[in-house]
Amino acid sequence: MAGTSFADDVRSWDLLNKALKPVLGDMPHLAPEQAELEALIEQAKALDSEQRVLRGKVQDATKKRRDVQLKGIELRERVAVQIKGKLGPTNKNLVSYGIRARKLPKRRKKDGTDTPPPVPPHPTPGVEVQALSAPVAHGAQEVTSAPVPK
């Protein structure tokens, strides 16, 4: 039966086999097929049981592997921190241990050439910008424009 699960197939074979056994006297020509079907059902059940056992073993092995992986990650981090402490976090020899060296921060130039120029604000459609002409008090910042809704 295409599209059915293995368990559903075995159940349907078993149902057919149980229904066929009492009528073999009336249909003796089906005896060889019934015997073959019964053997096939037993083989299928044994393989299903074996697969369940193996699936459990795979789950156990996967859990053990994950535990070893987590322990390895933690151990590597501890060793890496100790090596960085001994050699320094920017030492180029850290690469030979598989550890990234921390890059030195770039110093900014005092003339401000590292900073990008300020980006002017994009005009919002439907909003008119109007200059304010009010006098500015001493110590206050002068605001040159403000959006005025229509």
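Read on for an overview of the structure. (Residues numbered from 1 in each chain as written. Predicted model: local features only at pLDDT ≥ 70, side-chain atom pairs only at ≥ 80, totals over all residues. Heavy atoms only, no water.)

1. Observations concerning the overall build of the protein
Here is step 1: When helices and strands are tallied, the protein shows two helices and two strands.
Here is step 2: For the protein, the N- to C-terminal ordering of α and β elements is α-α-β-β.
Here is step 3: Taken over 150 residues, the protein has a buried fraction of 10%.
Here is step 4: The long-range share in the protein, meaning contacts at least 24 apart out of those at least 6 apart in sequence, stands at 20%.
Here is step 5: Accessible surface, the protein: about 13,600 Å² in total, of which carbon and sulfur atoms supply 59%. (Helix = DSSP H or I, 4+ residues; strand = E, 2+ residues; numbered from the N terminus. Buried < 20%, exposed > 50% of the residue type's maximum accessible area, 1.4 Å probe, protein only. Contact = heavy atoms within 4.5 Å. Areas by Shrake-Rupley, 256 points an atom, 1.4 Å probe, with all protein chains shown as cover.)

2. Some thoughts on the side chain of Q34
Here is step 1: Note on placement: Q34 falls in helix α2 (residues 31-87).
Here is step 2: Those residues within four positions of Q34 in sequence are excluded, and the remaining contacts are N17, L20, K21 and L24.

3. Topic: α2
Here is step 1: For α2, built from 57 residues, the straight-helix expectation of 84 Å at 1.5 Å per residue is met to within 8% by its first-to-last C-alpha distance of 82 Å.
Here is step 2: Along α2, the positions that sit buried rather than exposed are Q34, L37, I41, A44, A80 and I83.
Here is step 3: Looking one or two residues beyond α2, the residue adopting positive phi is G88, at roughly 105 degrees. (Expected span 1.5 Å × (residues − 1).)

4. Section: the pattern of salt bridges
Here is step 1: Enumeration over the complete set of coordinates arrives at eight salt bridges.
Here is step 2: For K45, the salt bridge identified is with D14, shortest N-O distance 3.8 Å. Separated by 31 residues along the polypeptide, K45 in helix α2 and D14 in helix α1 (residues 6-20) bring together distant segments of the chain.
Here is step 3: The class of K45 is partly exposed, set by a relative accessible area of 38%. (Salt bridge = Lys/Arg side-chain N within 4 Å of Asp/Glu carboxyl O.)

5. Observations concerning the environment of K103
Here is step 1: One can find K103 in the loop between α2 and β1 (127-131).
Here is step 2: By relative accessible area, K103 is classed as exposed at 75%.
Here is step 3: As a C-alpha pair, K103 and K92 span 11 residues in sequence and 9.7 Å in three-dimensional space.

6. Quick word on the packing of α1 against α2
Here is step 1: Here α1 crosses α2 at 145 degrees, and the two axes come no closer than 10 Å. At the point where α1 passes α2, the crossing takes the left-handed sense. Every residue of α2 that contacts α1 at F6, V10, W13, D14, L16, N17 and L20 is listed here: Q34, L37, E38, L40, I41, A44, K45 and D48. (Axes fitted to C-alpha atoms, helices over the stretch in contact; angles between N-to-C directions. Left-handed = near helix turned anticlockwise from the far one by under 90°.)

7. Regarding a positive patch on the surface
Here is step 1: A surface patch of positive charge is lined by K92, R100, K103 and K106.
Here is step 2: Mapped onto the elements, K106 comes out in the loop between α2 and β1.
Here is step 3: We classify K106 as exposed; its relative accessible area is 82%. (Patch = residues over 30% accessible without salt bridge, like charges linked within 9 Å, V, L, I, M, F, W, Y side chains within 5 Å. Lys, Arg positive; Asp, Glu negative; His and termini not counted. Charge placed at Lys NZ, Arg CZ, Asp CG, Glu CD.)

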